[in-house]
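# Structural characterization, general
So the chains spell out like this:
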Amino acid sequence: MKNTPSFCMISMLAEGADRLAALSALKNGGRLLSVLPFPHDVYINDFNSALSKSEFENLLKQSSGIQELIPVYQSKSMSYYQAGKVMLEKSTVLFAVWDGKETLRTGGTSSIVALAKKLNKPVIHINPEHPERIALLHNNAATNDWDTALSSILRIV
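The rules behind these values
Residues numbered from 1 in each chain as written. Predicted model: local features only at pLDDT ≥ 70, side-chain atom pairs only at ≥ 80, totals over all residues. Heavy atoms only, no water. Helix = DSSP H or I, 4+ residues; strand = E, 2+ residues; numbered from the N terminus. Buried < 20%, exposed > 50% of the residue type's maximum accessible area, 1.4 Å probe, protein only. Contact = heavy atoms within 4.5 Å. Areas by Shrake-Rupley, 256 points an atom, 1.4 Å probe, with all protein chains shown as cover. Core = buried A, V, L, I, M, F, W, Y, C linked by side-chain atoms within 4.5 Å. Salt bridge = Lys/Arg side-chain N within 4 Å of Asp/Glu carboxyl O.

## Structural notes on the overall build of the protein chain
Counting its regular elements, the protein chain contains six helices and seven strands. Written out in order from the N terminus, the α and β elements of the protein chain read β-α-β-α-α-β-α-β-α-β-β-β-α. Burial analysis of the protein chain (157 residues in total) assigns 36% to the buried set. For the protein chain, the proportion of contacts with a sequence separation of at least 24, taken over those separated by at least 6, is 58%. Per element, the accessible surface of the protein chain, about 9600 Å² overall, is 54% carbon and sulfur.

This is the structure we're talking about:
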């Protein structure tokens, strides 16, 4: 009898780190839940190349669940923000592959990390410019006390 996966990756399946993380989760026995900021037929147009669209479709086929959001906002960025909020509501921890630069752009990684911190969700921050320096952002501060931080995350899980 096949074991039930012990974790679920929640992703918008954006190009880059989102897809790499989704593939890794699936490869390592996790489930994938896809949250789309727009209906499928609209969101797929955000991807330019045929290869990117194909990767997106393949990951959707492997998803154990798909949640398509109906845009209620006039701006695309607010739809991305809403999808990020839905992901955070379903998550216990956020893995953010992000350069760490704060921006005013709503719906980008910076705004989702800020929301996670506001919601007191632990954030594991991986800076692609320095991937060897992984930081755990928790309670609005970076910490190097991994034992305490991970214990806190495991209590949440």
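There's more to say after this.
## A short note on the side chain of Ser91
Note on placement: Ser91 falls in the loop between helix H4 (76-90) and strand E4 (94-97). Residue classification places Ser91 among the buried positions, given a relative accessible area of 15%. For Ser91, the contacting residues outside a window of four places in its chain are Ile10 and Lys121.

## Details of the nonpolar core
Judged by nonpolar contacts, the single largest core of 19 residues is most densely connected at Leu13, Val35, Tyr43 and Phe56. Counting residues per element, the ones that place at least two in this core are strand E2 (31-36), helix H3 (50-62) and H4. With four residues, E2 is the largest single contributor of residues to this core. For Val35, the residues in contact, after removing those within four places along its chain, are Ile10, Ser11, Met12, Gln67, Leu69, Ala83, Val86 and Met87. Of all hydrophobic cores here, the second largest spans 10 residues; its members include Ala96, Ala116, Val123 and Leu137.

## Quick word on helix H5 (residues 109-118)
Of all the residues in H5, the buried ones are Ser110, Ser111, Ile112, Val113, Leu115 and Ala116. Note on H5: the residue one or two positions beyond its end, Asn120, has a positive phi of about 60°.

## Section: unusual backbone geometry
Not every positive phi belongs to a glycine, and Leu13 is a case in point at roughly 60°. You can see Leu13 is positioned in the loop between strand E1 (8-11) and helix H1 (17-27). Here the phi dihedral of Asn120 falls at roughly 60°; this positive angle occurs in a residue that is not glycine. The residue Asn120 is located in the loop between H5 and strand E5 (123-126) in this model.

## What about the pattern of salt bridges?
Applying the stated criterion across every chain yields a total of three salt bridges. Among the salt bridges present, the one from Glu55 reaches Arg19, with a minimum N-O distance of 3.1 Å. Taken together, the residues Glu55 in helix H3 and Arg19 in helix H1 connect sequence positions 36 residues apart. On the basis of relative accessibility, which here comes to 37%, the residue Glu55 falls in the partly exposed class. Taking relative accessible area as the criterion, Arg19 reaches 4% and is therefore assigned buried. In this structure, Glu132 and Arg133 form a salt bridge, with 3.8 Å as the shortest nitrogen-oxygen distance.

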